[in-house]
Amino acid sequence: MTRRFWVFLEQTSGVLHPVAGELLGVACRLRSEIADELEESGDDAIVEGILVGHNVTDLAQQAMQFGADRVYVVDAPPFRHYLNRPYTEALVSLVKKYEPEVFLVGATTLGRDLAGAVATSLKTGLTADTTKLEMGIARKNPNKLLLATRPAFGGNVIATIVCDSRQPQMATVRPRVFDMPPCATKVSGEVIQETIEIPPEMMAVEVVEVIAEEGSKVDIEYADVIVSGGKGLGNPDGFQLIKELADELGGVVGASRAAVDGGWISYAHQVGQTGKTVRPKLYIAAGISGAIQHKVGMQDSDFILAINSDPSAPIFEVATVGIVGDLYEVIPAMIESLRERKGARA
Amino acid sequence: MSTTKLQYDVIVVGAGMAGSTAAAITARHGLKTALIERGQTPGGKNYFGGALYTHALLDIYPDMFEWKPPLERPVTESGFWFLSNDGVVKMTVSGGKMDNDPVDAYVALRAEFDAWWAKQAETEGAFIIPKTLVVDFIRENGRVAGVQTDRPQGDVYAPVVIIAEGVNNLLTQKLGLIDHDIKPASAALAVKQLISIPAKDINARLGLPDNNHGMAISVIGDVSMGMPGLGFLYTCTKAVSLGVGVTLDALQETQIKPYELLQRYLEHPVIAPIIADGQLMEYGAHLIPEGGWKDMPRLYTDGAMVAGDAAAMVNALHWEGTNMAITAGKQAALTAIEAHEKGDFTEHVLSGYQTRLKDTFVMKDLHQYRKMSRFLGTHPEFMDIYPAFLNDALGMFFTGFGKPKRQLYRDILRSLTSRRSLMKAIGDLVSFGRAVIGI
Amino acid sequence: MIHQLVSVKQVPDTTNIRIDPETGSLIRQGVPAILNPYDAHAVAAAAEWKEKLGGKITVITMGPSAAEAALRECIEMGADRGILISDRKFAGSDTLATSYVLAEAIRAIHDEDPLDLVLFGKQAIDGDTAQVGPGAAVRLGWPLITYAFNIREINLDQRYTLVERRTELGIEVIRAPLPAVLTCEKEIAEIPYAPLPQLIASLQYEPELWSAEEPVAYDVTQIGLKGSPTWVAKTGTPEQHQPGETIDVDEVGVKQAVEDVMKKMLANNSVVSVLEG
C-alpha cells in the first residue's frame, strides 16, 4: 500500500507561493516520522504535490526541487483564476481517486477559502492555522496520526488536534511558520496530468475586477527586517518615522492590529494572529504593547527589539532587548547612529 | 419602526443603589416603571470600598438573606487603624454587638451586588433599559414630562422622574436643582485595589477565626500624606480590598498622583505583609461626593426628585452612602406613588419627599455632620500629627520599662508639644467634638 | 424585498481571557460572553441592506441557552427573527458537524421562505478556524465569497451580488448569483447605535428554540462527537519566553540607550548579516 502525503501547490499568475515549498519540507519530514511503521508493514510512502491552474505545468519542477516525488497537474482554462467551486471540485476528485492520508494547504487567503470547502465536501477533519505538525500515536489507532497543534482563544491556549476515522487528515499552515527546505538542483519525478470536468454552472461566480492595492505589493511575510508600529505611535503620522527606520535597515513596515483597526495603515502590514506570521532576522516593535495575539505572530524572529514607554508592557517578555523610553526620541537616535555607522564604513 | 410613544408611570435614571431601590418600590406598587442605566449592566459603573448596611437592605427585602444575595464576609470586626509612617495603633471592636444576628454590615463587590439588586427590581416588575444614557428632560407646560436619551427615537415619557444618576450629577444640574458642578473641595477621589489572597491566609494574617468573620477598617494618618482623607481595608471572602480617598483639591494642590498614594499605602510595613503574594484582581477609582449638607441640591421640582450620590447623600466619616441612597430611593418612590394616587406631580406633592427624608437618619445625619467635611480640610493635624503622636506615645509607653515613669510621661507630653502646642491640641479636640455633634 | 440570514456565535471575550498558570486551563469565570465581533458586523451589514431594499433578517445560532443573549443583540441591531439551535446532542461538535447543523437549518428556512443572502463573520474569535462558513456554503451548494469587506450591489431582479474581497493581490470584485454565502470582515459595516424602540424590542424578544429533532430531524451520526472527525488531544499554555534585558532611557539617557542596544544587536549574527548585506 502506498501512503500519500499531499501538499497543495498554490500558485497565482504562474508564480508558486513559497508556502508550497515550506509545506513540501514538512511533508517530507512527516514521511520520515513513519519510517518505523513502513519498515514493519512493508508499505511505502510518497510526497506528492497538487498543482491547479492554467499553463502552470512548468511549476511542477520547482515542487520537485523542494521534495515532491510526484506532481499531479490540473491544467485547463477554467482554473486560470482561482475560484472556489472549480478548485474544490478538482481537489475533491483527485482525493477520491488517490486517497491520500495527509493533505496540507497553505493558510493564505486562497488556501483558507479552499481548504474548508474541500474538507467539508470530503466529510473529513481539517485543523486550521497549525503551528506544529508531527506524526504520533493517538487514541488506539494502529498507525500514527497527524498531530496538529494550533493556538486557540486568541492565542491564550495551545491545542493539539487529531483526526482519526476519516481521511485525508487535513491541515492548513500559515506562511513562514516552517522554514523553506533545501532546494535540490537536479530532480526527477513524475508529472501526471489530470483532467477534471467543470460544468458551466460551476463557473457561475466571476471575478469582475482585480484592483491592486498600494499595500498589496508589500509582502512582509518574507522580509528579513521588519519595523512595526502600534498604538503607542499616538497617530498615523508616526508611521513615517517607522518607515524611515525600516528604510535605513533595508526592511519593511509592519503594524499591530490596533494600528490597522484604527485605520492608520493597511491590513497588508498587520502582524499577529489575525494578520501575518513573520520570522524575520530583525524585528523591531515600537509603541506595541505586545498582547498575545501580536506575540504569536512574531515571537520566533531571530532578534527582537522592543521600544515602549511602559516598562510593564508584555512585549518586553518576548524581546531580546528592550528600551523603555519615548520612541520619538529613541528611533531618531537609532537612525542617526545607523547613518553614522554607514558613513564610517563607507 | 413603530412610532408609538414610550410611556411609563415612573422613570428612574440610574440603576445603582438608589435607582434600583426606587424602581423596585414603584413597580411593587403596580406602577409601570422604566429603569434606565447607561452601563452595559447595572453596577458596571459603580465602585466602593466597601460595606453595605443590613438595615437598609432588609428594609426593602426583609427575606433577602433567604435568596443568597452576593455578599462577601460579614463585618464582625471594625474600627480605626492610626497609621504612622512605620507603625500602627489599632482600635477595633469585635464580639459583643458585632456578633448580632444578622450582622449589621457586609463587605460587598458592587459589580455583582448592584446587578443582583437591579435584578430584584426587575422581579418586582421594573423594566430595565441598559446601555442608554439620559441626556436631558422633556418638558411640557414647564414641568418634567419625561427624559431624552442619546439613542435615536429615544424619548421616554413619564409624569415623574427619579434621578439617581450618581456623583456626576449632570441631569440634576440641567434641572436647575443645583447651579454648579461638584467642587474639588467637596469631592474625594478614592482609588483601590482588590487583591486576591486565599481565605485561610486572610484569616491567619488578620486574626479572623474563619471565613464567616470579616473586617472593615478606617485607616487614618500616614495613608493620606497629610491630605484630608482616609484609607480603608475590607475583607472579601478570598480577597482584600484596600484603598485610600482624599479630596480633589488637595490632590490638585500637592500634585500627588492617586496611584502613588495607593502604592505607598500598599507598601507600608504594616500593610504589605497582609497582602504578600496576593494577585491583583482589580484596580479602580471613583469619585465620592463629600460636601454633605451644604452641597446638597434642591431635592425636588415639578415632576422630578433626586436621590443618592447625585444629591450628595454621603456621610463620609461613617462611610454611609449606600444606605442613604437606598433609604432616599425608597422615600422618593413612596412620594411618586402618592403623586400618582393624587394625580398631582407638582412640587406641591413632591415636597413630601423632603418631608419624609427629614424623618430619617439621612437628613438628620447630613445636617448633624454639616461641618465635618470642612473641618477635616482645615484641621490637617488629624491626618498627620495625631496618628503619628498616638503611635509615638503608645510606643514609648510600652517600651519604657525601667525608665522612671515621670520622665516617661514628660517625654510623651513633649512628643505631643513638639508637634502641636497643648492649647492648640485641646482646641482641636473641642472643635472635633463640636463638628461631630453638629454645633 | 430581501430575505437575509446571518449565522452568529456567542464566544468568550478572548481579549479578556486569563489562563490558570498551574492547571493550564481557561479561567472561564468572570469572562464575559459576547457576540462574535465579526458576526456583529455581518448583522450590521444585513441591517444596512434591509434598510435599502426592505425585507427581513433571520439570525441563527448553534449554542447553549446563554446564546439567547447574542440573538437579542442581533434583534437590537435590526434582525427580525432569532433562532437558537440547541441540544445536548450537539455537544462536542467540531467545524464539520457545526457546518452540517447550520446548513440543514439554513436549508429548512430557505424552503419555507427563500433566502437571498447568507452571511457569516469571517471567523470566530475563540476557534479562529474560519471553516464553518465555507463548510456551510459547500453543503448548500451556494456560491461562497470569503473575506468580504464591502457589498457593492445586490440586484434582486437579475439575481446577483457584487462583493469586494481582500486578497494578497489586492481587491477582487466578485459577481455571484443569488443566493450567495459571504464571510465578512469587520469593515463590511459599522455597528449602529440602535434606536431605543429597537433596543427595547430586543430586551423583550424570545428567540425560537430548535432542537436536534424539531423542526429539523438531524442525522445523529453527523452531529456532536459522532459527527466530529477532529477532536482535541491535549491543551496547554504557550511557552513562556525568557524576557531579555531592558534599558531604561530615564536612567542612562537616549544616546547611551541606543549605543547599548546597537552593541547588543551587532553581537547577534542574524542582525549582522542583515546590516552588512
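Residues numbered from 1 in each chain as written. Chains lettered and ligands numbered in written order. Predicted model: local features only at pLDDT ≥ 70, side-chain atom pairs only at ≥ 80, totals over all residues.

The next thing to look at is the packing of helix 6 (residues 238-249) of chain A against helix 10 (residues 327-345) of chain A. All names here are of chain A. Where helix 6 contacts helix 10, the axes come no closer than 10 Å and their chain directions differ by 20°. With respect to helix 10, the element helix 6 is oriented roughly parallel. The hand of the helix 6/helix 10 crossing is left-handed. Between helix 6, through Leu241, Glu244, Leu245 and Glu248, and helix 10, the contact on the second element is made entirely by Ile331, Met334, Ile335, Leu338 and Arg339. Split into classes, the residues belonging to the contact of helix 6 with helix 10 amount to 6 nonpolar, no polar and 3 charged. (Axes fitted to C-alpha atoms, helices over the stretch in contact; angles between N-to-C directions. Helix = DSSP H or I, 4+ residues; strand = E, 2+ residues; numbered from the N terminus. Parallel < 35°, antiparallel > 145°, perpendicular 65-115°, else oblique. Left-handed = near helix turned anticlockwise from the far one by under 90°. Contact = placed C-beta atoms within 7 Å. Nonpolar A, V, L, I, M, F, W, Y, C, P; charged D, E, K, R; others polar.)

Turning our attention to the sheet that holds strand 19 (residues 304-306) of chain B. Residue and element names in this part refer to chain B. Here we have 6 strands laid out as an open sheet, ordered 8-3-2-12-19-18, and mixed in their pairing. Edge strands, defined here as strands with exactly one partner in the open sheet, are strand 8 (127-129) and strand 18 (300-301). Sheet analysis places strand 3 (residues 33-36) next to strand 8, joined by 3 bridges and oriented parallel. Bridging from a neighbouring strand, Leu35 pairs with Ile128 of strand 8. (Pairing = 2+ DSSP bridges.)

Residues and elements named next belong to chain A. For helix 10, with 19 residues, the first-to-last C-alpha span of 26 Å sits near the 27 Å given by 1.5 Å per residue. When helix 10 is considered as a whole, its buried residues turn out to be Leu327, Val330, Ile331, Ala333 and Met334. Projected onto a plane normal to the axis of helix 10, the buried residues spread over an arc of 165° and lie on a single side. In helix 10, the exposed residues that point more than 90 degrees away from the buried face are Arg339, Glu340 and Gly343. (Expected span 1.5 Å × (residues − 1). Buried ≥ 20, exposed ≤ 12 C-beta atoms within 10 Å, placed from the backbone. Arc of directions from axis to C-beta.)

So, on to the interface of chain C and chain B. Every contact between the two is made by 8 residues of chain C and, on the other side, 10 residues of chain B. Grouping the amino acids of the side of chain C that touches chain B by side-chain chemistry returns 7 nonpolar, 1 polar and no charged.

On to the sheet that holds strand 13 (residues 187-196) of chain B. Residues and elements named next belong to chain B. Taken in spatial order, the 7 strands make up an open sheet running 6-5-14-15-16-13-17, and their pairing is mixed. Each having just a single partner strand, strand 6 (88-94) and strand 17 (279-289) make up the two edges of the open sheet. The sheet shows a mean angle of 15° between the axes of neighbouring strands, taken without regard to direction. Taken together, the 8 bridges between strand 5 (residues 75-83) and strand 14 (residues 214-221) define a ladder with parallel strand orientation. When the bridges of strand 14 are listed, Phe80 appears paired with Ser218. Docked against the sheet, helix 12 (residues 381-397) engages strand 5, strand 6 and strand 14, running at close to 105° with respect to strand 14.

A few words on the interface of chain A and chain C. Contact with chain A, which involves 74 residues of that partner, is made by 69 residues of chain C. Examining the composition of the side of chain A that touches chain C, we find that 9 residues originate from one element, helix 5 (residues 109-122) of chain A, more than from any other. Grouping the amino acids of the side of chain A that touches chain C by side-chain chemistry returns 39 nonpolar, 22 polar and 13 charged. With 6 bridges joining them, strand 13 (residues 206-212) of chain A and strand 9 (residues 170-177) of chain C adopt antiparallel strand pairing. Of the residues in strand 9 of chain C, the one forming a bridge with Ile211 of chain A is Ile171 of chain C.

This next bit is on the pairing of strand 14 of chain B. All names here are of chain B. Among the 8 residues that make up strand 14, 8 are buried, leaving the element largely enclosed by the rest of the structure. Inspection of the sheet shows strand 14 paired to strand 15 (residues 229-235) by 4 bridges, in the antiparallel sense. Directly across from Val219, in strand 15, lies its bridge partner Gly231.

Ranked by contact count, the leading pair among the 2 pairs of chains in contact consists of chains A and C. Chain A makes no contact with chain B; the smallest distance between any of their C-alpha atoms is 14 Å.

Turning next to the nonpolar core. Generally speaking, soluble globular proteins have nonpolar side chains that are buried together. Formed by 264 residues in total, the largest nonpolar core has its most connected members in Leu104 of chain A, Ala307 of chain B together with Val43 of chain C. When neighbours within four sequence positions are excluded, Ala307 of chain B is seen to be in contact with Ala18, Ala22, Ile162, Ala164, Ala325, Ala328, Gly329 and Ala332 of chain B. Listed in part, the 57 residues of the second largest apolar core include Val227, Ala246 and Ile265 of chain A together with Val249 of chain C. (Core = buried A, V, L, I, M, F, W, Y, C linked by C-beta atoms within 7 Å.)

What follows covers the domain arrangement of chain B. Residues and elements named next belong to chain B. Domains assigned within chain B are domain 1 (6-71 + 108-178 + 297-368), domain 2 (184-289) and domain 3 (373-437). If you average the C-alpha positions of domain 2 and of domain 3, the two centres end up 25 Å apart. Taken residue by residue, the interface counts 10 residues in domain 2 and 8 residues in domain 3. By residue class, the composition of the side of domain 2 that touches domain 3 is 4 nonpolar, 5 polar and 1 charged. (Domains from an automatic or database assignment.)

A few words on the pairing of strand 11 (residues 169-173) of chain A. All names here are of chain A. Where burial is concerned, most of strand 11 is hidden: 5 out of the 5 residues are buried. Residues Gln169, Ala171 and Val173 line one face of strand 11 and the alternating positions Met170 and Thr172 line the opposite face, and both faces are buried. Looking at chain direction, strand 6 (residues 102-106) and strand 11 are connected through 5 bridges and run parallel. Across the sheet, residue Leu104 finds its bridge partner in strand 11, namely Ala171. In terms of strand pairing, strand 7 (residues 126-130) meets strand 11 through 3 bridges, oriented parallel. What sits directly across from Leu126, in strand 11, is Met170.

This brings us to unusual backbone geometry. In the segment running from Asp101 of chain B into Pro102 of chain B, the intervening peptide bond is cis, with an omega of 0°. Along the polypeptide, Pro102 of chain B turns up in the loop between strand 6 and strand 7 (105-107). The step from Leu178 of chain C to Pro179 of chain C runs through a cis peptide bond, and the omega angle for that step is 0°. Examined against the element boundaries, Pro179 of chain C turns out to sit in the loop between strand 9 and strand 10 (180-184). Backbone geometry places Gln255 of chain B, a non-glycine residue, at a positive phi of 60°. Inspection of the secondary structure puts Gln255 of chain B in the loop between helix 6 (248-254) and helix 7 (258-267).

Moving on to the environment of Phe389 of chain B. All names here are of chain B. Structurally, Phe389 can be placed in helix 12. Take Phe389: there are 23 C-beta atoms within 10 Å of it, and that puts it in the buried class. Setting aside residues no more than four positions away along its own chain, Phe389 makes contact with Ser415, Leu416 and Arg419.

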